[in-house]
Amino acid sequence: MAAEDLPSEFDVVILGTGLAESVVAAACSRVGQRVLHLDRRSYYAANWASFTFNALLTWIQEQQEGPQPEQGKDWSSLLNDGEELIHLSNPDLDSITNIQVVSYASEEDEEVPDTAKEETSANSQLEVESAGSREEKSAEEESAEAEGTNTKGEETEVDQSHPGASSGPSEPTRKKISYAQLVKEGRRFNIDLVSKLLFSRGSLVDLLIRSNVSRYTEFKNVTRILTYRHGNLQQVPCSRADVFASRQLSVVEKRKLMRFLTSCIEETEMDHAYSSQPYSKYLQDQQLGENLQHFLLHSIAMVTEDTPTEAGLASTRHFLRSLGRYGNSPFLFPVYGLGEIPQCFCRMSAVFGGIYCLRHSVSCLIVDRDANRCKAVIDSRGQRISCSHFVVEDGYLGSRSSVTTPTRLLSRAILITDSSVLPGDSEQQVSMVTIPPGEVCQSAVKMVELCSSTMTCMPGTYLVHLTCQSVGSAFEDLSQLVTKMFQTPESQEPGGRPTVLWSLYFNMADGSVPGVEGQGLPSNVHVCSGPEGSLDHEHSIKQAELIFQRILPEEEFCPPAPNPEDIIYDGESPTPSAEEDSGKEAGQQEESGGDLNPQLDE
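The rules behind these values
Residues numbered from 1 in each chain as written. Predicted model: local features only at pLDDT ≥ 70, side-chain atom pairs only at ≥ 80, totals over all residues. Heavy atoms only, no water. Helix = DSSP H or I, 4+ residues; strand = E, 2+ residues; numbered from the N terminus. Buried < 20%, exposed > 50% of the residue type's maximum accessible area, 1.4 Å probe, protein only. Contact = heavy atoms within 4.5 Å. Phe/Tyr/Trp six-rings, centres within 6.5 Å; stacked < 30°, edge-to-face > 60°. Expected span 1.5 Å × (residues − 1). Axes fitted to C-alpha atoms, helices over the stretch in contact; angles between N-to-C directions. Left-handed = near helix turned anticlockwise from the far one by under 90°. Nonpolar A, V, L, I, M, F, W, Y, C, P; charged D, E, K, R; others polar. Core = buried A, V, L, I, M, F, W, Y, C linked by side-chain atoms within 4.5 Å. Domains from an automatic or database assignment. Pairing = 2+ DSSP bridges. Salt bridge = Lys/Arg side-chain N within 4 Å of Asp/Glu carboxyl O. Parallel < 35°, antiparallel > 145°, perpendicular 65-115°, else oblique.

A.B. asks: Tell me about the overall build of the chain, and please be specific about residues and values.
C.D. replies: Tallying secondary structure elements over the chain gives 17 helices and 23 strands in all. Out of the 602 residues belonging to the chain, those deemed buried represent 52%. Excluding contacts between residues fewer than 6 apart, the proportion of contacts in the chain whose partners are at least 24 apart in sequence is 76%.

Below, the structure is given as structure tokens:
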């Protein structure tokens, strides 16, 4: 919508299109509030965004150049008696730092001896496979699905045991992926700035189902959970099927693990006795061997050794309760990347009347001195817009967002590789990898490896995300791990590992640091933080719900959207059982756990 067409009054003005802000926008629009949603950037989702490879290169250049200086304007002529201004700042000044790009791919195409194993040889075939040929294989893909997932819209694993005839029975050489090819195929990448997954029974999945926002996107199962131990990758058995199929565990270990997983679902008196003791001590006293303790501590609970038992058991139960809802893994990943999720909530807001403007910002707030409330905002073009509530990304507050807690950072690395960290029967694996602290890095590292079927990378490549709490710069924190687990010119160990084609390191502000609510801000200004270091989205969803309840304490948070058949237009009379049928359907969906892709039911 053009800026000159903006109305002069809204119920809620929101600045920033991150996940929490977008959820608040959708929730407010859904219950009839007039919402104006702005972002000074040219793209949605702020630090939650996903970029194509070419767009990411542009973003890197913009970050390295720094924001363009903005001339401060005097808006005092727009003030009335008893009003004062609060100026906002550029959100990109400190949120992303220490950017470092390392490209290992050759500039031009070249052929190299094909010494790869059979499992990785299918990459060259995938590299030249057209979209049309993938559609022809869709029937085979469905029959080859090994996960047994009931999530609608999920693409199944591609059976690579029968390479196409075009690749030939044996090839002495294969084409090595070059930097020029990455740029040429750049639109096939969707690279997230933040790396997270969705717990199948987490608050975000529940919200997607309840609000019907799930209709706007599709999801894939994380097909395997791996852990890095003693320099090797091992698959973590977490479901009953995985435990009994595992070759890493003895029969005795399998029985002990199943007994523990079954018993820890419910709370016991023994749990309370250990509540203040470390979770590692609790696991030791369960007579579990080191192997099982490692799996439970680092890959299932995903906590540290000194985490209290109460928190460790809560994390373990959350993991176990998410198993089996959509497959043998507790995690889901959105097709086309995490940047889709904030945009889905923005779509919902727009459907219910929300107005959106990118490349458009708020310069300052107009505050009533006596009431200490924000009465209006002045946008970047000098228009005064009245509002009852103002929701803002914390980066726009600049110096006001500084609190006594020192700034914490996350270290991020994004890699494009030519093969999987652990080749398997299928090339289309989505892997979650945990690297405990002390193995290579000082902090625990969470790694997510994505294949081309997630629509986040081109065929023949994998997209790898690494995240940990910062100790130094991202390159200092993670480069040693990359050199150890992947093949780079700095690697001193022999080959057989995935080759890194391109890498990006950067530090990102940790959104879990206490916010600025109450730090001298007007009572109707609500602050949303950016991404934090946890694997799930609980922090942002809880924050969005809390803000909504402050704005509209008597309204329901993101109620289900009505079915088109149930909408009653002016002049029409409702059918007698329309409301009853609608309520009955909603109850049935809630009882069955819901469906993430209801539009694919037919």
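Now that the structure has been shown, we can carry on.
A.B. asks: I'd like to hear about the packing of aromatic side chains, residue by residue, with values.
C.D. replies: This model, assessed by the stated rule, comprises 14 aromatic pairs. For the ring pair phenylalanine 53 and tryptophan 502, a centre distance of 5.0 Å and an interplane angle of 80° mean the geometry is edge-to-face. Remark: tryptophan 502 occurs in strand E22 (residues 500-509) and phenylalanine 53 occurs in helix H2 (residues 53-65); sequence separation between them is 449 residues. Where phenylalanine 199 meets phenylalanine 331, the ring centres are 4.7 Å apart and the plane angle is 55°; that geometry is what we call tilted. You can see phenylalanine 199 sitting in strand E9 (residues 198-199) and its partner phenylalanine 331 sitting in strand E13 (residues 331-334), a full 132 residues away along the chain. On the basis of relative accessible area, phenylalanine 199 is assigned to the buried category, the value being 8%. Here a set of aromatic residues connected by ring pairs shows up, and it is made of Tyr43, Phe51, Trp59 and Phe506.

A.B. asks: Before we move on, could you go through the environment of phenylalanine 390 and cite the residues and values that matter?
C.D. replies: Within the element layout of this structure, phenylalanine 390 appears in strand E17 (residues 384-393). Expressed as a C-alpha distance, the spacing of phenylalanine 390 and leucine 36, which sit 354 residues apart in the sequence, is 9.8 Å. Those residues within four positions of phenylalanine 390 in sequence are excluded, and the remaining contacts are Val13, Leu15, Leu88, Val362, Leu365, Cys374, Val377, Asn524, Val525 and His526.

A.B. asks: Tell me about helix H1 (residues 19-30), residues and numbers included.
C.D. replies: Helix length check: H1 (12 residues) gives 16 Å between terminal C-alpha atoms against 16 Å at 1.5 Å per residue, within 8%. The buried count for H1 comes to 12 of 12 residues, which makes it a mostly enclosed element. Regarding H1, the residues found buried are Leu19, Ala20, Glu21, Ser22, Val23, Val24, Ala25, Ala26, Ala27, Cys28, Ser29 and Arg30. Immediately beyond the C-terminal end of H1, within one or two residues, lies glycine 32, with a positive phi of roughly 95°.

A.B. asks: Explain unusual backbone geometry to me, using residue names and the numbers behind them.
C.D. replies: In this structure, asparagine 212 takes a positive phi of about 70° despite not being glycine. Secondary-structure assignment places asparagine 212 in the loop between helix H7 (203-211) and strand E10 (219-221). On the basis of relative accessibility, which here comes to 16%, the residue asparagine 212 falls in the buried class. With a phi angle near 55°, histidine 230 is a residue other than glycine that sits in the positive phi range. Summarising the element assignment, histidine 230 is placed in the loop between strand E11 (224-229) and strand E12 (232-235).

A.B. asks: Run through the packing of helix H9 (residues 251-263) against helix H12 (residues 290-300), naming residues and quoting values.
C.D. replies: Running from amino to carboxyl end, H9 crosses H12 at an angle of 35°, the nearest separation of the two axes being 10 Å. Remark: the crossing between H9 and H12 carries right-handed chirality. Residue-level inspection shows Glu253, Lys256, Leu257, Phe260 and Leu261 of H9 in contact with H12, the latter providing Asn291, Leu292 and Leu296. Looking at side-chain class alone, the contact of H9 with H12 contains 5 nonpolar, 1 polar and 2 charged residues.

A.B. asks: For the nonpolar core, give the residues involved together with the corresponding values.
C.D. replies: In this structure, Phe319, Phe331 and Phe345 are the most contacted members of the largest nonpolar core, which totals 105 residues. If one sorts the elements of this core by residue count, H1 sits on top with 8 residues. Two domains each donate at least three residues to this core, and these are domain 1 (9-90 + 337-402 + 515-551) and domain 2 (239-322). For phenylalanine 319, the residues in contact, after removing those within four places along its chain, are Phe199, Ile225, Cys238, Ser299, Ile300, Met302, Pro330 and Phe331.

A.B. asks: Can you break down the sheet that holds strand E5 (residues 96-103) residue by residue, with the values?
C.D. replies: Pairing is mixed in the open sheet, where 8 strands are placed in the order E5-E22-E18-E21-E20-E19-E11-E12. Strand pairing shows two members of the sheet lacking a second neighbour, E5 and E12, which therefore form its edges. For this sheet the average axis-to-axis angle between neighbouring strands, irrespective of direction, equals 20°. Two elements, strand E18 (residues 409-417) and strand E21 (residues 462-469), share 8 bridges in a ladder whose sense is antiparallel. Considered in E21, the bridge of arginine 412 is made with threonine 467.

A.B. asks: So what about the pattern of salt bridges? Which residues, and what values?
C.D. replies: This model, assessed by the stated rule, comprises 14 salt bridges. The partner of glutamate 393 in a salt bridge is arginine 41, with the nearest N and O atoms 3.0 Å apart. In this pair, glutamate 393 is assigned in strand E17 and arginine 41 in the loop between strand E2 (35-39) and strand E3 (50-51), connecting sequence segments 352 residues apart. Note on glutamate 393: relative accessible area 7%, which makes it buried. Taking the shortest distance from any N to any O, the salt bridge between arginine 408 and aspartate 510 comes out at 3.5 Å. On the criterion of sequence distance, the pair formed by arginine 408 in the loop between E17 and E18 and aspartate 510 in the loop between E22 and strand E23 (525-528) is long-range, its members being 102 residues apart. Each member of the salt-bridge network shares a partner with another, and the members are Glu9, Asp11 and Arg34.

A.B. asks: If you had to explain the sheet that holds E13 to someone new, which residues and values would you point to?
C.D. replies: With antiparallel pairing, the 3 strands of this open sheet are ordered in space as E9-E13-E10. Each having just a single partner strand, E9 and E10 make up the two edges of the open sheet.

A.B. asks: Account for the packing of H1 against helix H16 (residues 538-551), naming residues and giving values.
C.D. replies: In contact at an axis separation of 9 Å, H1 and H16 are set at 40° when each is read in the N-to-C sense. By the angle class used here, H1 and H16 are oblique. For the crossing formed where H1 meets H16, the hand is right-handed. Here H1 contributes Leu19, Ala20, Val23, Val24, Ala27 and Cys28 to the contact with H16, which in turn contributes Ser540, Ile541, Gln543, Ala544, Ile547, Phe548 and Ile551. Its residues assigned to classes, the contact of H1 with H16 comprises 11 nonpolar, 2 polar and no charged.

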